[in-house]
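Survey of secondary and tertiary structure
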Amino acid sequence: MNFENFEKKIGYSFKNKQLLSHALSHTSYINEHKKAKHESNERLEFLGDAIVDMVVSDYLYKNYKTEPEGVLTKWRACVVCEASFARVAKQLGYGDYLLLGRGEEATGGRTRSSVLADAFEAVIAAMYLDSDINTVSKWIISKLEGEIKLAVKGRTQKDYKTLLQEHVQHGERGKVAYKIISENGPDHAKTFCVDVFVDEKRIASGVGTSKKDAEQAAASEALKLLTKNK
């Protein structure tokens, strides 16, 4: 697979393209192609998890000097989590470039939060190995700064519907509504697509493994569009 478009989306060009391919290789793909288990992105995910935890901790420690340890820990937990990573990965188009086995592909792996979050961590590790800690630290903060700000405000990934409602009310606009557009996959691995409307005008759509998650994803996308030029 040619990852050039993906590199443009994430804003980083790999010197070692094999590292990027490794980071996007799900275990289902490795198993199906009878490759060694260590060639999946699981080991990179392990390293990436540690890197992003350290980088976010460092950022919070240096930028919020008067906050106690307990508050910083709470904020970090809101940022360094599957929901946060999956949302950013979806925005950057990770799902289009994942290397998946046929079974994982058929059951919605490209939109599954756990798969996207794991790939997000793995790419961070690959970027670190391809460059240095300063480069990857700047990239991490550039992608997660919005999540950090929400955490500091007491908002987490789960509050996008509330944030959208407040934004609409503040702008003296009307009703926010959500509509399920489609349901795909078997009962144990369904994915939902939801459209969000403001004053009966479709604003954005979102995908999730539950109706609630899909609505949150749609609200997040709507907020991004509505505040883009603010």
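Please refer to the structure higher up on the page.
Keep in mind that what you see is a predicted model, and the values were worked out from it rather than measured.

Focus on the overall build of the protein
Counting its regular elements, the protein contains 11 helices and three strands. On C-alpha atoms alone, the protein measures out to a radius of gyration of 18 Å, which is about the 17 Å that the 2.2 N^0.38 rule sets for 230 residues. Each principal axis of the C-alpha distribution contributes one length, and for the protein these read about 55 × 50 × 30 Å. Within the protein, buried positions represent 45% of all 230 residues. Pairs at least 24 residues apart make up 55% of the contacts formed inside the protein by residues separated by at least 6 positions.

A look at the sheet that holds strand E1 (residues 176–184)
Pairing within the open sheet is antiparallel, and its three strands lie in the order E1-E2-E3. A strand with exactly one partner marks an edge of an open sheet, and here the two such strands are E1 and strand E3 (201–208). On average, each strand axis in the sheet is inclined to that of its neighbour by 20°, with strand direction left out of account. Pairing of strand E2 (residues 191–198) with E3, which is carried by seven bridges, proceeds in the antiparallel orientation. Paired with Val 194 across the bridge in E3 is Gly 206. This element, helix H11 (residues 211–226), spans E1, E2 and E3 of the sheet and lies at about 135° to E3.

Notes on the pattern of salt bridges
Using the criterion set out here, one finds 12 salt bridges in the structure. For Glu 183, the salt bridge goes to Lys 190, with nearest N and O atoms at 3.9 Å. Exposure remark for Glu 183: the relative accessible area of 41% places this residue in the partly exposed category. A salt bridge links Asp 195 to Arg 202, with the shortest nitrogen-to-oxygen separation between them at 3.1 Å. Taking the relative accessible area as the measure of exposure, Asp 195 reaches 9% and is therefore buried.

Examining the packing of helix H4 (residues 42–63) against helix H5 (residues 69–79)
It is at 10 Å that the axes of H4 and H5 come closest, and there the two elements cross at 135°. Here H4 is positioned oblique relative to H5, judged by the angle of their axes. In terms of crossing hand, the pair formed by H4 and H5 is right-handed. Here Asp 53, Val 56, Ser 57, Leu 60 and Tyr 61 of H4 lie close against H5, whose contacting residues are Leu 72, Trp 75, Arg 76 and Val 79. A per-class count over the contact of H4 with H5 returns six nonpolar, one polar and two charged.

Reading the values: the criteria
- Residues numbered from 1 in each chain as written.
- Predicted model: local features only at pLDDT ≥ 70, side-chain atom pairs only at ≥ 80, totals over all residues.
- Heavy atoms only, no water.
- Helix = DSSP H or I, 4+ residues; strand = E, 2+ residues; numbered from the N terminus.
- Rg over C-alpha atoms; globule rule 2.2 N^0.38 Å.
- Buried < 20%, exposed > 50% of the residue type's maximum accessible area, 1.4 Å probe, protein only.
- Contact = heavy atoms within 4.5 Å.
- Pairing = 2+ DSSP bridges.
- Axes fitted to C-alpha atoms, helices over the stretch in contact; angles between N-to-C directions.
- Salt bridge = Lys/Arg side-chain N within 4 Å of Asp/Glu carboxyl O.
- Parallel < 35°, antiparallel > 145°, perpendicular 65-115°, else oblique.
- Left-handed = near helix turned anticlockwise from the far one by under 90°.
- Nonpolar A, V, L, I, M, F, W, Y, C, P; charged D, E, K, R; others polar.

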